[in-house]
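As a plain string of letters, each chain reads:
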Amino acid sequence: MATKKAKKTPSKVKKSWHGRLTAEADAETAALLTSLDVDQTLWRYDIVASLAHAQMLCEQKLITRADLTKIKSGLRAIAGKIEAGGLTMPIELEDIHMVIEKALIDRVGAAGGKLHTGRSRNDQVALDLRLWARDAVDNSTDAVAALQRALVDLAERCGDLVIPAYTHLQRAQPILAGHNLLAYVEMLQRDVDRLADARKRINVCPLGSGAVAGTSLPLDRQRTAKLLGFKTITRNSIDATSDRDFLAELCFACAMLAVHLSRWAEDWIIYSTAEFGMIELHDAYCTSSSMMPQKKNADTLELIRAKSAMAIAQLTGMLTLLKGLPLAYNRDLQDDKRFAFATVQATTRALAVAAGVVSTTKFNPDRITADLDKGHLDATALAEYITTKGTPFRTAHQIVAKLVVRADAAGKTLAELPLATLQAACRKIGPDVRRHLGAANVVKRYATQGAAGKKQLLKQLEFWKKKLG
Ligand code: ARG
């Protein structure tokens, strides 16, 4: 069946690099080719990078001092214009690099045309992305540290509050509430460490790698790297223009962080239910229902949990984009920004409110303490007490398991069973068993490093307060 051809509108914007081609892209093609909708985000980095490149070109006598002055003032004026939202960005110019270069040439003439000396958009975009990624790492690290501090503060405020620890979401053993909170601080520290590790590979300057093979012009690569605060420069121009590992690593670090946030969010959604009643979230972080007037929903935590889906999906997209790409730069790489920016945005959104949620949340000590004797949290401690009397742990485990069944049948806790009943199950149990029963007693006896007791918690708190400042 013959279909009518869509009306093709050739572009009217003159591109600075179009000597080679005899036909212009139509509107749909221009829309496919452009990345301006996302890479506008890079404008500050693009300008800072161009200022450094121009400075180096001048120092290497590749452009005159007069050219440099014009380029600098032109780029600064363009920055002001973009800041004020006053620079038009026709999609026919494809990307932010061409938009800025064209604006510069329009503004300062021939000197503007010298900015791209010894440079390709391939090394330019790799550079901009590294500058962006470096900031993303630093901002995320600060936000994670703020969340860690909020958790440490809350852990400290919880004092001696004992709560149940869960495994399989079933009551397991008693712990200090602070110990639970500091578990998230540990996870988050690994995220900080991962970000710092990714930063090492981000903080390498690719500028001077050109399109793929470098340039015959005497650029001083170390100089631009230094001007832009990079630790070092890339070694291989092919790899430098096609490497996006640093973005994938950033995406992974963010996705892992988002997964941690989702686990915390899930825990607190559960803890805030009427059934658990362990915490009370601040109203400012909850929403109600359009139909059920009584509702207080933990929507903020649910959306924090949801952001991990976004981050994971974007990481998957990022890796999929890179898979099977031939050396070196391919235009596929233009879409890397869609994945990387979205990953960072998702985690940034979640992090931005997480610390606020933590610092405003209150534990419900009355309800927690009233429920604490449910679930025989002291059963393991009782088995351990029996082993101290010389009984093998396996035997002790069976003895206590039977006592649990008896206690359940009688509607009692282990501590409420008469001593005679305990001794009938195991002759070695003495009156000193009382000091081993009940959640509060159990918590006092934790002996190992990193356990859920008071002295271990104090040690952890001291460590974190020193580390987080
Ligand atoms: N906008 C492109 C990107 O983000 C850079 C342009 C490279 N284009 C090219 N034809 N070599 O990857």
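Residues numbered from 1 in each chain as written. Predicted model: local features only at pLDDT ≥ 70, side-chain atom pairs only at ≥ 80, totals over all residues. Heavy atoms only, no water.

Considerations on the overall build of the chain
Part 1 of the reasoning: Within the chain, the secondary structure is distributed over 18 helices and six strands.
Part 2 of the reasoning: The C-alpha atoms of the chain give a radius of gyration of 31 Å, which is well past the 23 Å a tight globule of 469 residues would have.
Part 3 of the reasoning: By its C-alpha atoms, the chain is 100 × 55 × 40 Å across when sized along the principal axes.
Part 4 of the reasoning: Here the chain, with 469 residues, has 50% of them falling under the buried criterion.
Part 5 of the reasoning: Contacts spanning at least 24 positions in sequence make up 73% of the contacts within the chain whose residues lie at least 6 apart.
Part 6 of the reasoning: Carbon together with sulfur atoms contributes 55% to the accessible area of the chain, which is approximately 23,300 Å² in total.
Part 7 of the reasoning: Taking the average place of the 66 positive charges on the side chains of the chain and the average place of its 50 negative ones, the gap between the two points comes to 3 Å. (Helix = DSSP H or I, 4+ residues; strand = E, 2+ residues; numbered from the N terminus. Rg over C-alpha atoms; globule rule 2.2 N^0.38 Å. Buried < 20%, exposed > 50% of the residue type's maximum accessible area, 1.4 Å probe, protein only. Contact = heavy atoms within 4.5 Å. Areas by Shrake-Rupley, 256 points an atom, 1.4 Å probe, with all protein chains shown as cover. Lys, Arg positive; Asp, Glu negative; His and termini not counted. Charge placed at Lys NZ, Arg CZ, Asp CG, Glu CD.)

Details of the site of the ligand
Part 1 of the reasoning: Taken together, Ser35, Asp95, Arg121, Asn122, Val125, Tyr329, Arg331, Gln334 and Lys337 form the complete shell of residues around the ligand.
Part 2 of the reasoning: A distance of 2.8 Å separates a nitrogen atom of the ligand from a polar atom in the side chain of Asn122.
Part 3 of the reasoning: A distance of 2.4 Å separates an oxygen atom of the ligand from a polar atom in the side chain of Tyr329.
Part 4 of the reasoning: Alone, the ligand offers 340 Å² of accessible surface; in the complex the protein occludes 85% of this.
Part 5 of the reasoning: Sorting elements by how many residues they give to the shell around the ligand places helix α6 (residues 121–158) first, with three residues. (Near = heavy atom within 4 Å. Polar contact = N/O pair within 3.5 Å; in protein donor to acceptor, adjacent residues only side chain to side chain.)

As for the pairing of strand β2 (residues 170–176)
Part 1 of the reasoning: Alignment of strand β1 (residues 162–167) against β2, held across six bridges, turns out to be antiparallel. Among the inter-strand pairings, Val162 is bridged to a residue of β2, identified as Leu176.
Part 2 of the reasoning: Joining the antiparallel neighbours β1 and β2 is a turn of two residues, in which His168 adopts a positive phi near 55°. (Pairing = 2+ DSSP bridges.)

Here we look at helix α14 (residues 379–387)
Part 1 of the reasoning: For α14, every residue scored as buried is listed here: Ala379, Ala381, Leu382, Ala383, Tyr385 and Ile386.
Part 2 of the reasoning: Buried-residue contacts for α14 involve α15 (393–410) and α17 (439–445).

A word on the environment of Asp371
Part 1 of the reasoning: Secondary-structure assignment places Asp371 in helix α13 (residues 365–371).
Part 2 of the reasoning: Spatially, the C-alpha atoms of Asp371 and Val192 are 36 Å apart, while their sequence positions differ by 179 residues.
Part 3 of the reasoning: Not counting residues within four places of it along the chain, the set of residues in contact with Asp371 comprises Arg171 and Phe276.
Part 4 of the reasoning: Here the side chain of Asp371 touches Arg367 through a polar contact of 2.9 Å, side chain to side chain.

What about the pattern of salt bridges?
Part 1 of the reasoning: Inspection of every chain in the model, using the stated rule, returns 25 salt bridges.
Part 2 of the reasoning: With its nearest N and O atoms 3.2 Å apart, the salt bridge here joins Asp106 to Lys102. Taken as a pair, Asp106 and Lys102 lie in helix α5 (residues 96–108) at a separation of four residues, close to a single helical turn.
Part 3 of the reasoning: For Lys102, a relative accessible area of 23% translates into the label partly exposed. (Salt bridge = Lys/Arg side-chain N within 4 Å of Asp/Glu carboxyl O.)

Re the side chain of Thr413
Part 1 of the reasoning: Note that Thr413 resides in the loop between α15 and α16 (419–425).
Part 2 of the reasoning: Every residue in contact with Thr413, bar those within four places of it in the chain, is listed here: Asp373, His376 and Ala407.

Concerning the nonpolar core
One recurring pattern in soluble globular proteins: nonpolar side chains tend to sit buried together.
Part 1 of the reasoning: Membership of the largest hydrophobic core comes to 65 residues, with the highest contact counts inside it found for Ile47, Ile71, Ile82, Leu127, Trp132, Leu247 and Leu250.
Part 2 of the reasoning: Beyond its immediate sequence surroundings of up to four residues, Leu247 is in contact with Leu129, Trp132, Ala133, Met318, Asp336 and Ala340. (Core = buried A, V, L, I, M, F, W, Y, C linked by side-chain atoms within 4.5 Å.)

As for the packing of α6 against helix α7 (residues 177–202)
Part 1 of the reasoning: Close contact between α6 and α7 brings their axes to 9 Å; oriented N to C, the two are set at 165°. If you check the angle between α6 and α7, you find them roughly antiparallel. Taken as a pair, α6 and α7 cross one another with a handedness that is left-handed.
Part 2 of the reasoning: In terms of residue class, the contact of α6 with α7 is built from 18 nonpolar, five polar and five charged. (Axes fitted to C-alpha atoms, helices over the stretch in contact; angles between N-to-C directions. Parallel < 35°, antiparallel > 145°, perpendicular 65-115°, else oblique. Left-handed = near helix turned anticlockwise from the far one by under 90°. Nonpolar A, V, L, I, M, F, W, Y, C, P; charged D, E, K, R; others polar.)

A look at the packing of aromatic side chains
Part 1 of the reasoning: As enumerated under the stated definition, the model contains six aromatic pairs in all.
Part 2 of the reasoning: Taken together, a centroid distance of 4.6 Å and an interplanar angle of 50° make the contact between Trp132 and Phe341 tilted. Here Phe341 lies in helix α12 (residues 336–360) and Trp132 lies in helix α6, a separation of 209 residues in the sequence.
Part 3 of the reasoning: With a relative accessible area of 8%, Trp132 lands in the buried category.
Part 4 of the reasoning: Grouped by ring-pair contacts, the aromatic residues Tyr166, Tyr271 and Phe276 constitute a single cluster.
Part 5 of the reasoning: Lying across the ring of Phe246, Arg130 places its NZ or CZ 4.2 Å from the centre.
Part 6 of the reasoning: We note Arg134 situated over the ring of Phe230; from NZ or CZ to the ring centre the distance is 4.8 Å. (Phe/Tyr/Trp six-rings, centres within 6.5 Å; stacked < 30°, edge-to-face > 60°. Lys NZ or Arg CZ within 6 Å of the ring centre and 35° of its normal.)

Structural notes on the packing of helix α11 (residues 299–322) against α12
Part 1 of the reasoning: Contact pair α11 / α12: the axes reach a minimum separation of 8 Å and the direction vectors enclose 160°. As far as their axial angle goes, α12 and α11 are roughly antiparallel. When the axes of α11 and α12 are compared, the crossing they make is left-handed.

Side note on the side chain of Thr361
Part 1 of the reasoning: One can find Thr361 in the loop between α12 and β6 (362–363).
Part 2 of the reasoning: Those residues in contact with Thr361 that sit more than four places away from it in its chain are Leu154, Arg157, Trp268, Ile279, Glu280 and Leu281.

Side note on unusual backbone geometry
Part 1 of the reasoning: Residue Ala328 follows Leu327 across a cis peptide bond; omega there is -5°.
Part 2 of the reasoning: Mapped onto the fold, Ala328 is located in the loop between α11 and α12.
Part 3 of the reasoning: If you check the backbone angles, Glu94 has positive phi at about 75° while not being a glycine.
Part 4 of the reasoning: Although it is not a glycine, Leu169 adopts a positive phi angle of roughly 55°.
Part 5 of the reasoning: Within the secondary structure layout, Leu169 lies in the loop between β1 and β2.
Part 6 of the reasoning: The class of Leu169 is partly exposed, set by a relative accessible area of 46%.

Digging into a nonpolar patch on the surface
Part 1 of the reasoning: On the surface, Val212, Ile238 and Leu327 cluster together into a nonpolar patch covering about 260 Å² of accessible area.
Part 2 of the reasoning: In this structure, Ile238 sits in helix α9 (residues 237–242).
Part 3 of the reasoning: On the basis of relative accessibility, which here comes to 33%, the residue Ile238 falls in the partly exposed class. (Patch = residues over 30% accessible without salt bridge, like charges linked within 9 Å, V, L, I, M, F, W, Y side chains within 5 Å.)

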